[in-house]
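# Survey of secondary and tertiary structure
Each chain is listed here by its residues.
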Amino acid sequence: MITKKQKKLGQVFLQDKNVIQKIIQTAEIKNKDQILEIGPGKGILTEALLKTGAKVIAVEKDQQLVEFLKSFLKDKQNLKIIYADIRDFLKTNQFYTQYSILNTQYKVIGNIPYYLTSHLLRLLLENPIKPSLIVLMIQKEVAERIIAQPPRRRPSFAKAPIGEQGYGGQAKMNLLAVSVQFFAKPEIICYVPKAAFYPKPKLDSAVIKITPIDTDENTDEALKKNFFEVVKAGFKQPRKLLINNLCANLKIKKDKIKKTFKQLNISLNARAQNLSIKQWVSLSSLLMENIV
């Protein structure tokens with residue numbers, strides 16, 4: 001039975017065992033791997049993870065489901081069930097000390113609601129000890145936003161992009177895509193139809209694989225802070241020219257920004273969606289000395 005509280009939390013439960021096996025294969029789980037599972041729900045994925053021999057720490061926000069899991073998966077020596085909000089778990093030193101999940105190599109797996117995606121990824125990817133791999137079931141449209149790239153040059157006969165879709169039907173580059181791709185390489189593994197869940201959600205989902213990367217830019221705190229300050233300023237009003245957004249939001253004279261654009265071969269007519277991660281990194285580095 002699905003309670004009102006579970007509906008409020010955006011909980012739907014994966015039932016398709018083929019999708020579960022796909023998630024396990026994507027995560028390349030080996031015996032004795034340490035897995036942080038987010039939102040185990042009724043434990044169908046948890047049970048499959050345990051069968052691989054991995055050590056699973058399952059963090060569940062719903063107390064009723066915690067009690068259900070303790071009964072359903074009792075006597076499993078390679079399982080720890082934690083009643084907590086995953087956001088608190090990732091930020092609270094008490095959990096670090098008790099479970100030491102963030103002091104060792106680990107992988108993250110979960111089926112997460114839309115409202116949690118952006119904040120959760122930021123917490124995971126900005127952690128000093130990042131997971132070696134993240135495999136999540138998320139809303140299809142959000143997954144497509146995460147993997148978005150700068151638009152390809154549009155043939156003269158093609159229609160202009162409409163709404164949030166760029167040429168070829170792909171999602172436009174956006175703040176979420178830049179935020180994730182600064183820290184990691186994301187790829188959609190497969191799409192999952194509504195029928196694979198109970199209760200059936202309104203939208204389709206996708207399994208996304210996110211592989212964290214380490215570079216000087218995303219590990220240096222000063223460089224990271226400056227990067228996101230520039231990117232957020234650039235995407236403040238995405239339909240406006242990038243140069244105008246940067247000038248208005250960073251309080252830098254337009255002449256200085258024009259000079260930087262010319263140095264990086266960025267068009268003065270560019271919008272935020274047109275830049276690649278590499279261009280954002282270069283742009284933020286060159287603008288750093290002008291940011292107060």
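Structure first, text after, so check above.
The paragraphs below set out a description of the structure included in this document. (Residues numbered from 1 in each chain as written. Predicted model: local features only at pLDDT ≥ 70, side-chain atom pairs only at ≥ 80, totals over all residues. Heavy atoms only, no water.)

### Concerning the nonpolar core
To be explicit about the condition: The nonpolar core is taken to be a set of buried Ala, Val, Leu, Ile, Met, Phe, Trp, Tyr and Cys residues, with the residues joined through side-chain atoms within 4.5 Å. Working definition: with a 1.4 Å probe on protein chains only, accessible area under 20% of the residue-type maximum means buried, over 50% means exposed, and in between means partly exposed. Helix and strand definitions here come from DSSP, where helices need a minimum of 4 consecutive H or I residues and strands a minimum of 2 consecutive E residues; each element is numbered from the N-terminal end. We call two residues in contact when some of their heavy atoms are within 4.5 Å.
Grouped together as the largest cluster of nonpolar side chains are 60 residues, with contacts concentrated most on Leu36, Ile86, Leu246, Trp280 and Leu283. Looking at this core, the element that brings in the most residues is helix H9 (residues 175-183), giving 6 residues. Ignoring anything within four residues of it in the chain, the contact list for tryptophan 280 reads Val178, Phe227, Val230, Val231, Gly234, Phe235, Leu242, Ala272 and Leu275. Residues Leu73, Ala196, Phe197 and Val207 belong to the second largest nonpolar core, which totals 29 residues.

### A closer look at the packing of aromatic side chains
What counts is decided by this rule: Two rings from Phe, Tyr or Trp (for Trp, the six-membered ring) form a pair when their centres are within 6.5 Å of each other. A pair whose planes differ by under 30 degrees is stacked, one over 60 is edge-to-face, and the rest are tilted. Lysine and arginine charges are scored as sitting over a ring when NZ or CZ, respectively, is within 6 Å of the ring centre and within 35 degrees of the ring normal.
A complete count under the given rule lists 7 aromatic pairs for this structure. Ring geometry for phenylalanine 182 against phenylalanine 227: centres 3.9 Å apart, planes inclined by 15°, an arrangement best described as stacked. Taken together, the residues span a long stretch of sequence, with phenylalanine 182 in helix H9 and phenylalanine 227 in helix H11 (residues 221-234) at a distance of 45 residues. Residue class for phenylalanine 182 comes out buried when judged on its relative accessible area of 3%. Centre to centre, the rings of phenylalanine 227 and phenylalanine 228 are 5.2 Å apart; their planes meet at 90°, and the pair counts as edge-to-face. You'll find phenylalanine 227 and phenylalanine 228 in the same group, each marked buried. Positioned above the aromatic ring of phenylalanine 228 is the side chain of arginine 122, whose terminal nitrogen or guanidinium carbon lies 4.1 Å from the ring centre. The ring of tyrosine 191 has lysine 140 lying over it, and the distance from NZ or CZ to the ring centre is 5.1 Å.

### Focus on the pairing of strand E9 (residues 205-212)
Selection criterion: Strands qualify as paired when DSSP identifies two bridges or more between them.
Along E9, 7 of the 8 residues are buried, which leaves the element largely enclosed by surrounding structure. When strand E7 (residues 184-192) meets E9, the two strands line up antiparallel, connected through 8 bridges. Paired with tyrosine 191 across the bridge in E9 is alanine 206.

### Here's the deal with the pattern of salt bridges
Inclusion rule: By convention in these notes, a salt bridge is any Lys or Arg side-chain nitrogen within 4 Å of a carboxyl oxygen on Asp or Glu.
Under the definition given, this model contains 9 salt bridges. As a salt-bridge pair, lysine 107 and aspartate 33 come within 3.1 Å of each other at their nearest N and O atoms. Highlighted residues: lysine 107 in strand E5 (residues 107-111) and aspartate 33 in the loop between helix H2 (17-26) and strand E2 (34-38), separated in sequence by 74 residues. Judged on exposure class, the residue lysine 107 and its partner aspartate 33 are both buried. Each of Lys61, Asp85 and Arg87 takes part in a single network of salt bridges with overlapping partners.

### So, unusual backbone geometry
Following tyrosine 198, the chain continues to proline 199 via a peptide bond in cis, the omega torsion being -10°. Relative to the elements of secondary structure, proline 199 occurs in the loop between strand E8 (197-198) and E9. With phi around 60°, lysine 251 is a residue other than glycine that occupies positive phi space.

### Let's talk about the pairing of E2
The element E2 is largely enclosed, with a buried count of 5 among its 5 residues. In E2, alternate side chains face the same way, and those of Gln34, Leu36 and Ile38 on one face and Ile35 and Glu37 on the other are all buried. Here E2 pairs with strand E3 (residues 55-60) via 5 bridges, running parallel. In the strand pairing of E3, isoleucine 35 is matched with valine 56. Two elements, E2 and E5, share 4 bridges in a ladder whose sense is parallel.

### Observations concerning the environment of alanine 195
The topology assignment puts alanine 195 in the loop between E7 and E8. Separated by 181 residues in sequence, alanine 195 and leucine 14 have C-alpha atoms that sit 9.2 Å apart.

### What about the packing of helix H12 (residues 242-250) against helix H13 (residues 254-263)?
Here is the rule we go by: Here, axes are lines fitted to C-alpha atoms. For helices the fit covers the stretch in contact, and angles between N-to-C directions go from 0 to 180 degrees. Orientation categories follow fixed angle ranges, with anything under 35 degrees roughly parallel, anything over 145 roughly antiparallel, 65 to 115 roughly perpendicular, and all other angles oblique. For a crossing to be left-handed, the near helix must be turned anticlockwise from the far one by less than a right angle; the clockwise case is right-handed. Ten residues, namely Ala, Val, Leu, Ile, Met, Phe, Trp, Tyr, Cys and Pro, are considered nonpolar, four, namely Asp, Glu, Lys and Arg, are considered charged, and the remaining ones, Gly among them, are considered polar.
Where H12 meets H13, the closest approach of the two axes is 10 Å, and the angle between their N-to-C directions is 135°. It follows that H12 is oblique to H13 by the angle criterion. Between H12 and H13 lies a crossing whose hand is right-handed. Where H12 approaches H13, its residues Leu242, Ile243, Asn244, Leu246 and Cys247 are matched on the opposing element by Lys254, Ile257, Lys258 and Phe261. A breakdown of the residues in the contact of H12 with H13 according to their chemical character gives 6 nonpolar, 1 polar and 2 charged.

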